[in-house]
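For reference, the chains in residue letters:
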Amino acid sequence: MKLFLFLLMLTASIHSQSSGTVRYRFYLPLTVDDIKKEDTKNFITKLNDLANNQEFELTFNKSKSTFKYVDKLNYDSEYDRKLNNVAKLAYTSSDTYIDLGNKTEVEIMDDGTLIKSPIQSDKWEIKNDTKKIGTYLCYKAVTQRTFVNKKGEHKTREIICWFAPALPYSYGPKTFYSLPGLILELTEDNKTFVASKIELFDKEIDINIPKGKMISREEYDKKLKEGLGAVIKSKS
């Protein structure tokens, strides 16, 4: 608790620009030694290589943020482009928006569907562990999030973040935020986002939440189940 209060005092004492952008690289370790089929091994290796070349950008102002995939790759073929989309869906993240003023988050699914949810109130445990990311001293923070797996079971996963109190912005990759400093590294399920470039601006950047019909996560999951059930029924 003393450490947390110290970090809050530190961030409050620093003059902050009103907005900024952070570029993140993505890392996923891979072990294919147990895969016997050579074609499968090559496919998984290719998928992993594409995932590890992906970059994402966080843009934020005083009340909103967006975390988006940056399509910077030059594909050798249409197959590689589609394979990269698979890697994004399997390993990384959909584009997301956080609106602190309205306490909502919006996720844009691959099919264009807008999912609106209340922002999640993570209970962060701030540790004494520190390390440097670039020139910034970062502190470790850990939380747990509940999710529903493919079997419909409720599970929890551990999230590990490293945040920089010298950057007093409570944002980070995906829908993780509310720490007393910008999240420069985040690990979830052995998948890691690491900041590679940071830019801060005196002028506030406009962030517009996408317009269109929005549905809840429950509605979207229900539609997916119904669609899957219809496909299975048509093949039976």
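Just above, that's the structure.
The structure reproduced in this document is the subject of the present report. (Residues numbered from 1 in each chain as written. Predicted model: local features only at pLDDT ≥ 70, side-chain atom pairs only at ≥ 80, totals over all residues. Heavy atoms only, no water.)

### Description of the overall build of the protein chain
Secondary structure summary: the protein chain contains 4 helices and 12 strands in total. Carbon and sulfur atoms form 50% of the exposed surface of the protein chain, whose accessible area is close to 14200 Å². (Helix = DSSP H or I, 4+ residues; strand = E, 2+ residues; numbered from the N terminus. Areas by Shrake-Rupley, 256 points an atom, 1.4 Å probe, with all protein chains shown as cover.)

### What to know about the pattern of salt bridges
Going through the model one piece at a time under the given rule, you end up with 10 salt bridges. For D189, the salt bridge identified is with R157, shortest N-O distance 2.9 Å. With D189 in the loop between β10 (182–188) and β11 (191–201) and R157 in strand β9 (residues 154–164), the pair connects residues that are 32 residues apart, well separated along the chain. Ionic pairing is found between E188 and K174, a salt bridge with its closest N-O pair at 2.7 Å. Taken as a pair, E188 in strand β10 and K174 in the loop between β9 and β10 lie far apart in primary sequence, 14 residues in all. On the basis of relative accessible area, E188 is assigned to the buried category, the value being 9%. K174 sits in the buried class, given a relative accessible area of 17%. (Salt bridge = Lys/Arg side-chain N within 4 Å of Asp/Glu carboxyl O. Buried < 20%, exposed > 50% of the residue type's maximum accessible area, 1.4 Å probe, protein only.)

### Notes on helix α2 (residues 38–51)
For α2, which comprises 14 residues, the first-to-last C-alpha distance of 20 Å matches the rise-based estimate of 20 Å (1.5 Å per residue) to within 8%. For α2, every residue scored as buried is listed here: L47, N48, L50 and A51. For α2, the angular spread of buried residues about the axis comes to 160°, placing them on one side. (Expected span 1.5 Å × (residues − 1). Arc of directions from axis to C-beta.)

### What about the packing of aromatic side chains?
Here the structure, examined in full by the defined rule, presents 10 aromatic pairs. Between F60 and Y169 the ring centres are 4.8 Å apart and the planes differ by 45°, which places this aromatic pair in the tilted class. With a gap of 109 residues between them, F60 in strand β2 (residues 55–60) and Y169 in the loop between β9 and β10 connect regions that are remote in the sequence. On the basis of relative accessibility, which here comes to 0%, the residue F60 falls in the buried class. When its relative accessible area of 6% is taken as the criterion, Y169 is described as buried. One aromatic cluster is present, formed by Y24, F26, F56, F67, Y69 and F193 through successive ring pairs. (Phe/Tyr/Trp six-rings, centres within 6.5 Å; stacked < 30°, edge-to-face > 60°.)

### Let's talk about the pairing of strand β3 (residues 64–70)
Where β2 meets β3, 6 bridges bridge the pair, whose relative direction is antiparallel. Bridging from a neighbouring strand, T59 pairs with T66 of β3. Connecting the antiparallel pair β2 and β3 is a turn made up of 3 residues. (Pairing = 2+ DSSP bridges.)

### Comments concerning the environment of S121
Summarising the element assignment, S121 is placed in the loop between β6 (114–118) and β7 (125–133). The exposed category is assigned to S121, whose relative accessible area is 70%.

### Some details on the pairing of β6
In this sheet, β6 lies alongside strand β5 (residues 104–108) in antiparallel orientation, the contact comprising 5 bridges. Bridged to V106 within β6 is K116. Once β5 ends, the chain turns through 5 residues before running back antiparallel as β6, passing G112 with a positive phi of about 90°. Pairing analysis gives 2 bridges linking β6 to strand β12 (residues 214–215), with the strands arranged parallel.

### With respect to the nonpolar core
In this structure, L58, L179, L182 and L184 are the most contacted members of the largest nonpolar core, which totals 37 residues. The leading source of residues in this core is β9, at 5 residues. Ignoring anything within four residues of it in the chain, the contact list for L182 reads V22, L58, F60, W162, F163, A164, L167, Y169 and Y171. (Core = buried A, V, L, I, M, F, W, Y, C linked by side-chain atoms within 4.5 Å. Contact = heavy atoms within 4.5 Å.)

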